[in-house]
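# Structural characterization, general
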Amino acid sequence: MVSIKENLNNIGKQVKAAQEASLMNKGPVTLVAVSKTNPAEAVLEAYEAGQRVFGENRVQEALAKFKPLKVEKPDIVLHLIGPLQTNKCSEAVALFDVIQTIDRIKLVDSLVKEMSKQDRFIPCYIQVNTGEESQKAGVMPADLKALLDHCRTVKLPVIGLMCIPPVDEEAALHFSFLYKLAEEYGLSRLSMGMTGDFETAIRFGATDVRVGSGIFGERDYSEQA
Ligand SMILES: *Cc1c(COP(=O)(O)O)cnc(C)c1O
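As a starting point, this report considers the structure included with it. Here the structure is a predicted model, which is why all the values come from computation and not from measurement.

Conventions we followed
- Residues numbered from 1 in each chain as written.
- Predicted model: local features only at pLDDT ≥ 70, side-chain atom pairs only at ≥ 80, totals over all residues.
- Heavy atoms only, no water.
- Buried < 20%, exposed > 50% of the residue type's maximum accessible area, 1.4 Å probe, protein only.
- Helix = DSSP H or I, 4+ residues; strand = E, 2+ residues; numbered from the N terminus.
- Arc of directions from axis to C-beta.
- Contact = heavy atoms within 4.5 Å.
- Near = heavy atom within 4 Å.
- Polar contact = N/O pair within 3.5 Å; in protein donor to acceptor, adjacent residues only side chain to side chain.
- Areas by Shrake-Rupley, 256 points an atom, 1.4 Å probe, with all protein chains shown as cover.
- Nonpolar A, V, L, I, M, F, W, Y, C, P; charged D, E, K, R; others polar.
- Core = buried A, V, L, I, M, F, W, Y, C linked by side-chain atoms within 4.5 Å.
- Phe/Tyr/Trp six-rings, centres within 6.5 Å; stacked < 30°, edge-to-face > 60°.
- Pairing = 2+ DSSP bridges.
- Right-handed = clockwise from strand over helix to strand, strands pointing away.

Next up on the list: helix α6 (residues 144–154). Along α6, the positions that sit buried rather than exposed are Leu-144, Leu-147, Leu-148, His-150 and Cys-151. Each buried residue of α6 sits inside an arc of 155° when the element is viewed along its axis, so together they form one side. Each element contacted by the buried residues of α6 is listed here: β4 (98–102), α5 (105–118), β5 (124–127), β6 (158–162) and α7 (171–184). Of the residues flanking the end of α6, it is Lys-155, one or two places downstream, whose phi is positive at about 70°.

Turning our attention to the site of the ligand. Taken together, Val-34, Lys-36, Ile-81, Ile-164, Met-194, Thr-195, Arg-210, Val-211, Gly-212, Ser-213 and Arg-219 form the complete shell of residues around the ligand. Gly-212 is positioned such that a nitrogen or oxygen atom in its backbone is 2.8 Å from an oxygen atom of the ligand. Notes on the ligand: free accessible area 390 Å², of which the protein chains cover 89%. When the residues that make up the shell around the ligand are grouped by side-chain class, the tally is five nonpolar, three polar and three charged.

Time to look at the nonpolar core. Ile-99, Leu-111, Ile-126, Leu-156 and Leu-161 are the most contacted members of the largest nonpolar core, which totals 67 residues. Ranked by residues supplied to this core, first place goes to α7 with seven residues. Not counting residues up to four positions away in its chain, the partners in contact with Ile-99 are Leu-80, Leu-84, Ala-92, Leu-111, Ile-122, Pro-123, Cys-124 and Tyr-125.

One pass over the structure, following the stated rule, counts one aromatic pair. Centroid distance Phe-54 to Phe-66: 5.9 Å. Interplanar angle 45°. Geometry classified as tilted. With Phe-54 in strand β2 (residues 53–56) and Phe-66 in helix α3 (residues 59–72), the pair connects residues that are 12 residues apart, well separated along the chain. With a relative accessible area of 0%, Phe-54 lands in the buried category. Looking at Phe-66, the relative accessible area reads 0%, which means it is buried.

Here we come to the side chain of Lys-65. For Lys-65, the location among the structural elements is in helix α3. In terms of polar contacts, Lys-65 uses its side chain to reach the backbone carbonyl oxygen of Asn-38, at 2.7 Å. With residues up to four places along the chain from it excluded, the contact list for Lys-65 reads Ser-35, Lys-36, Thr-37, Asn-38, Pro-39, Ala-40, Val-43 and Glu-56.

Residue position: Val-128 is located in the loop between β5 and α6. By relative accessible area, Val-128 is classed as buried at 1%. Along the chain, Val-128 and Lys-117 lie 11 residues apart, while their C-alpha atoms are 27 Å from each other. Those residues in contact with Val-128 that sit more than four places away from it in its chain are Gly-138, Val-139, Pro-141, Leu-144, Leu-161, Met-162, Cys-163, Leu-178 and Leu-181.

In the Ramachandran plot, Glu-132 falls in the positive-phi region, its phi being about 50° despite a non-glycine side chain. Following the sequence through the fold, Glu-132 ends up in the loop between β5 and α6. Here Lys-155, not a glycine, exhibits a phi torsion of approximately 70°, which is positive.

Moving on, we get to the pairing of β2. Residues Val-53 and Gly-55 of β2 are buried on one face, and the alternating residues Phe-54 and Glu-56, pointing to the opposite face, are buried as well. When strand β1 (residues 30–34) meets β2, the two strands line up parallel, connected through two bridges. Note that in β2 the partner of Ala-33 across the bridge is Phe-54. Between the parallel elements β1 and β2, the chain passes through helix α2 (residues 40–48) in a crossover that is right-handed. Two elements, β2 and strand β3 (residues 77–80), share four bridges in a ladder whose sense is parallel. Along β3, the bridge assignment pairs Val-53 with Val-77. The β-α-β motif built from β2, the intervening α3 and the parallel element β3 has right-handed crossover chirality.

In structure tokens, the structure reads:
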């Protein structure tokens, strides 16, 4: 049996130690507890242990789980870390507090429209496809500048960058690349690092780490459609 509280405690210590050892760290690191595929009870257990920031990768799953949870616990902060379709922007803007997966102009325009309509301008990150993998979401590095310029023109509040390195490559190369891009474009937040590599990510300047299985245990996908 995994204890979510114990896992959180251990990871919290590792985050702190990595942060203190990092020469590139710019401030406190936010631990985003990725609760996808886990039930609301697991989220509540983490909440009781002091965790407030959570991440989900699918809008529908997040709605079902967190809409009621956020009524009960209004200080929960929810990040979207998976791809967003333009037809889900209305629900996403209403539910999430941070969107980490901006990757195309059409999405930027839909989000700005929704944010204006709901008068709710939530901070966003641009997801960069640092490995230039065709099957993966994220803007190609060469197209980042144009996308960011567009965000700034239409006033989407972009505060950082996010990446998911290719599984078969040294993650540190991608982390340091994303760090350099953030420096170049004057962005202060860097979402990178998961259960297997969050300490490395912090060493290379991560301000947000996304940890799922390290907190909630191995995921069970058997009941998913
Ligand atoms: C699932 C997921 C994570 C968490 O992965 P773990 O290896 O379980 O820590 C982090 N980031 C994204 C984008 C994810 O989809």
